[in-house]
Amino acid sequence: MRALGEDAVLDAARRLAEAERTRTPIRQLSLQYPEMTIEDAYAVQRAWVADKLAGGRTLRGRKIGLTSRVMQRAVSISEPDYGALFDDMFFDDGATVPHGRFIRPRVEVELAFVLGRPLKGPGATVFDVLNATDYVIPAIEILDARVQMSDPETFNEAALRFLAG
């Protein structure tokens, strides 16, 4: 169920785009909008994707993240998340990755499922995925942070309380 209005969703998407453009992380959205739900987060993502497409970017694929239970527990979620992959997110073997476009890059080794046929859901099964898959290849995902990893305001208050005893 969504808790945020359309103005808040569009503002959050705009701020994330600005963070990417200026390479300056913003405060965590859930701290600004404590009532924010997972549905709100995906609404922000849809608005962000629409903005990218309107700006001329091409959608080349989708990604599923946080598929392991260990990683889900680490970030306090109970299911994988998903997102969009745009044309400028792909680099050929041997290409130079432009480090300056990232805020705080990290890499993860992943498996990329290259589909030969469309895959539709909900209700898609593992067999549907296998039947739609042309091949699977190793890939490196470059992660970047558009939001601050910890809130400086909250951290400072907690540190002061700790020091005061």
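Just so we're clear, the structure is a prediction, and the values are computed from it rather than from any experiment.

1. As for the packing of helix α1 (residues 6-22) against helix α3 (residues 38-54)
Two elements in contact, α1 and α3, have axes whose closest approach is 8 Å; the angle formed by their N-to-C orientations is 55°. Our classification of the angle between α1 and α3 gives oblique. Where α1 crosses over α3, the two elements pack in a sense that is right-handed. Taken together, the residues of α3 that come into contact with α1 (itself represented by Val9, Leu10, Ala12, Ala13, Leu16, Ala17 and Glu20) are Ala43, Val44, Ala47, Trp48, Asp51 and Lys52. Of the residues belonging to the contact of α1 with α3, the class tally is 10 nonpolar, no polar and three charged.

2. Comments concerning the packing of aromatic side chains
Tallied over the full model, the rule gives two aromatic pairs. Judged by centre distance (4.2 Å) and plane angle (10°), the rings of Tyr42 and Tyr82 are stacked. Of this pair, Tyr42 sits in helix α3 while Tyr82 is found in strand β2 (residues 81-86), placing the two residues 40 residues apart along the sequence. Classification of Tyr42 as buried rests on a relative accessible area of 12%. Ring plane angle 75° and centroid distance 5.6 Å describe the contact between Trp48 and Phe86, whose orientation is recorded as edge-to-face. Placement of the pair is Trp48 in helix α3 and Phe86 in strand β2, with a sequence separation of 38 residues.

3. Details of the nonpolar core
Formed by 19 residues in total, the largest nonpolar core has its most connected members in Val44 and Trp48. Every element with two or more residues in this core is listed here: α1, α3 and β2. Ignoring anything within four residues of it in the chain, the contact list for Trp48 reads Ala13, Leu16, Ala17, Glu20, Phe86 and Met89.

4. Some thoughts on a nonpolar patch on the surface
On the surface, a cluster of nonpolar side chains totalling about 450 Å² of accessible area is made up of Leu111, Phe113, Leu115, Leu119 and Val136. Of all the elements, strand β3 (residues 106-115) adds the most residues to the nonpolar patch, at three residues. Within the secondary structure, Phe113 is located in strand β3.

Definitions and limits used
Residues numbered from 1 in each chain as written. Predicted model: local features only at pLDDT ≥ 70, side-chain atom pairs only at ≥ 80, totals over all residues. Heavy atoms only, no water. Axes fitted to C-alpha atoms, helices over the stretch in contact; angles between N-to-C directions. Helix = DSSP H or I, 4+ residues; strand = E, 2+ residues; numbered from the N terminus. Parallel < 35°, antiparallel > 145°, perpendicular 65-115°, else oblique. Left-handed = near helix turned anticlockwise from the far one by under 90°. Contact = heavy atoms within 4.5 Å. Nonpolar A, V, L, I, M, F, W, Y, C, P; charged D, E, K, R; others polar. Phe/Tyr/Trp six-rings, centres within 6.5 Å; stacked < 30°, edge-to-face > 60°. Buried < 20%, exposed > 50% of the residue type's maximum accessible area, 1.4 Å probe, protein only. Core = buried A, V, L, I, M, F, W, Y, C linked by side-chain atoms within 4.5 Å. Patch = residues over 30% accessible without salt bridge, like charges linked within 9 Å, V, L, I, M, F, W, Y side chains within 5 Å. Areas by Shrake-Rupley, 256 points an atom, 1.4 Å probe, with all protein chains shown as cover. Salt bridge = Lys/Arg side-chain N within 4 Å of Asp/Glu carboxyl O.

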